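# Summary of structural features
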Amino acid sequence: MARCLVTGGAGFIGSHLTQKLLADGHQVTVLDNLSTGRSHNLSDVEDHENLTIMRGSITDPVLLAEAVQGTDEIYHLAAAVGVKLVAEDPVRTIETNIYPTDSLLRLAVQGGQRFYLASTSEVYGKNVKSEWCEEDDLQFGPTSRPRWAYGCSKAIDEFLALAYHQKYDLPIVIGRFFNVVGPRQVGNYGMVIPRFVDQALAGGPVTVYDDGSQVRCFAHVREVVDCVVKLTRTDDALGKIFNIGSDQPISMRELAEEIIRRVDPSVEIQHIPYQQAYGDNFEDVNRRVPDVSRLRETIGMSPSMPLGHLLSDIIDAKR
Ligand code: UDP
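The model shown is predicted, which means the values in this text are computed figures rather than measured ones.

Rules and cut-offs
- Residues numbered from 1 in each chain as written.
- Predicted model: local features only at pLDDT ≥ 70, side-chain atom pairs only at ≥ 80, totals over all residues.
- Heavy atoms only, no water.
- Near = heavy atom within 4 Å.
- Polar contact = N/O pair within 3.5 Å; in protein donor to acceptor, adjacent residues only side chain to side chain.
- Areas by Shrake-Rupley, 256 points an atom, 1.4 Å probe, with all protein chains shown as cover.
- Helix = DSSP H or I, 4+ residues; strand = E, 2+ residues; numbered from the N terminus.
- Salt bridge = Lys/Arg side-chain N within 4 Å of Asp/Glu carboxyl O.
- Buried < 20%, exposed > 50% of the residue type's maximum accessible area, 1.4 Å probe, protein only.
- Pairing = 2+ DSSP bridges.
- Axes fitted to C-alpha atoms, helices over the stretch in contact; angles between N-to-C directions.
- Contact = heavy atoms within 4.5 Å.
- Phe/Tyr/Trp six-rings, centres within 6.5 Å; stacked < 30°, edge-to-face > 60°.
- Lys NZ or Arg CZ within 6 Å of the ring centre and 35° of its normal.
- Parallel < 35°, antiparallel > 145°, perpendicular 65-115°, else oblique.
- Left-handed = near helix turned anticlockwise from the far one by under 90°.
- Nonpolar A, V, L, I, M, F, W, Y, C, P; charged D, E, K, R; others polar.

## Quick word on the site of the ligand
- Near the ligand you find 19 residues, and of these R195, T207, R216, D284 and R288 are the closest.
- At 2.5 Å from an oxygen atom of the ligand is found a side-chain nitrogen or oxygen belonging to R288.
- Contact with the protein chains removes 95% of the 520 Å² of surface that the ligand exposes when unbound.
- For the shell around the ligand, the secondary structure elements donating two or more residues are α7 (192–201), β8 (206–209) and α10 (274–278).

Structure representation (structure tokens):
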């Protein structure tokens with residue numbers, strides 16, 4: 001049995017990770033300020049004897065040290081997330097995403113924990129390659145466009161984790177999530193699938209931004225957290241970065257059509273200009289598809305649930 005700390009453990013991905021670790025027989029401490037996470041996300045396990053929930057912010061150094069105390073593994077998922085939220089509050093993004101990661105890494109050097117750092121496909125910026133692999137260039141837009149603050153802040157986290165690995169031999173693993181979806185994800189922070197499903201269930205219209213030719217790949221959260229735990233426990237993964245996601249692409253127009261077909265074929269699609277959706281100074285990423293060969297070679301698996309299954313799971317949960 002391992003003693004695990006999950007920062008952001010009440011969030012969408014964090015709560016699924018917490019549930020998996022508990023189901024596997026481990027002890028879990030969740031540190032979460034419930035800003036984008038919701039206590040409701042842990043309602044299935046909140047009385048579990050192996051779960052401790054600490055409500056507070058990772059920006060509080062005393063609390064952070066207390067949470068790390070006595071653990072064997074740290075899963076650092078707490079962050080200011082969601083392109084919409086990040087564009088609206090860039091100061092909070094930087095404060096939440098950079099300083100606490102450094103503090104946690106320092107604590108792990110003292111405590112010798114294995115350290116999983118949750119990163120994001122946003123670090124590739126707007127690289128135009130059709131598939132992104134971990135050694136590709138990061139191509140951000142100008143600093144006057146707040147969107148890039150998120151990817152940049154997580155790229156700094158990656159530099160920090162790699163530096164602590166090199167300098168102190170800290171056993172770190174970095175995973176870059178690509179559009180993770182599943183039950184309990186909410187659409188408030190921009191996430192497209194819960195938004196489309198909510199809109200379709202409410203009778204529409206489904207709001208496709210711009211012309212809907214943007215491409216994404218969607219991975220089921222349960223497959224994603226399986227990969228996270230397996231990577232963290234694989235010696236060959238230490239000191240490395242991994243794309244974690246599905247590699248089955250779909251355009252946002254096709255996605256909207258597929259959701260409408262499943263929920264209510266009479267619902268209409270409404271195209272909305274980016275400026276109306278996100279305000280001025282927004283830039284979207286046109287195509288985001290991961291190369292997951294490194295993940296497959298290292299742990300022998302990658303998220304592969306077909307989109308149809310994934311959508312039924314989400315639609316059923318929302319119904
Ligand atoms: N999107 C959309 N309608 C919405 C929300 C999002 O067309 O109501 C588009 C958005 O412009 C982007 C894609 O869906 O091209 C995925 O957006 P999301 O915020 O889920 O993730 P990310 O941009 O981080 O991939």
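## Considering the pattern of salt bridges
- A complete count under the given rule lists 21 salt bridges for this structure.
- For the salt bridge of K20 with D226, the shortest nitrogen-to-oxygen distance reads 3.5 Å. Taken as a pair, K20 in helix α1 (residues 12–23) and D226 in helix α8 (residues 221–232) lie far apart in primary sequence, 206 residues in all.
- Across the pair E258 and R261 runs a salt bridge whose closest N-O atoms are separated by 2.9 Å. Note that E258 and R261 are positioned in helix α9 (residues 252–263) at a spacing of 3 residues, about one turn of the helix.
- The exposure class of E258 is partly exposed, given its relative accessible area of 21%.
- One connected set of salt bridges, linked through shared partners, spans E122, R147, R216, D284 and R288.

## What about the sheet that holds strand β4 (residues 73–76)?
- An order of β3-β2-β1-β4-β5-β6-β11 is seen for the 7 strands of this open sheet, with the pairing classed as parallel. At either margin of the open sheet sits one strand with a lone partner, and together these are β3 (51–55) and β11 (240–244). Recorded for the sheet is a direction-independent mean angle of 20° between the axes of neighbouring strands.
- With 5 bridges joining them, strand β2 (residues 27–32) and β3 adopt parallel strand pairing. Each bridged residue has a counterpart across the sheet, and for D32 the counterpart in β3 is R55.
- Against the sheet, helix α6 (residues 147–168) touches β5 (114–120), β6 (172–177) and β11, its axis set at about 155° to β5.
- α8 rests against β4, β5, β6 and β11 of the sheet, and its axis sits at about 165° to β11.

## Let's talk about the packing of aromatic side chains
- Scanning the entire structure with this criterion turns up 9 aromatic pairs.
- Consider the rings of Y209 and Y278, whose centres lie 5.3 Å apart with planes at 75°: the pair is edge-to-face. Note that Y209 is positioned in strand β8 and Y278 in helix α10, a separation of 69 residues in sequence.
- For Y209, a relative accessible area of 15% corresponds to the buried category.
- Three or more aromatic residues link up through ring pairs in this structure, and these residues are Y75, Y116 and F177.
- In this structure, R147 is placed above the aromatic ring of W148, and the distance from its NZ or CZ to the ring centre is 5.7 Å.
- Above the ring of Y124, the side-chain terminus of R176 is found at 4.8 Å from the ring centroid.

## Overview of the packing of α7 against helix α12 (residues 307–318)
- Running from N to C, α7 and α12 cross one another at 55°; their axes reach a closest spacing of 11 Å. It follows that α7 is oblique to α12 by the angle criterion. Remark: the crossing between α7 and α12 carries right-handed chirality. Across from I193, P194, V197, D198 and L201 in α7, the residues of α12 making contact are L311, I314, I315 and K318.
- Here the residues of the contact of α7 with α12 sort into 7 nonpolar, no polar and 2 charged.

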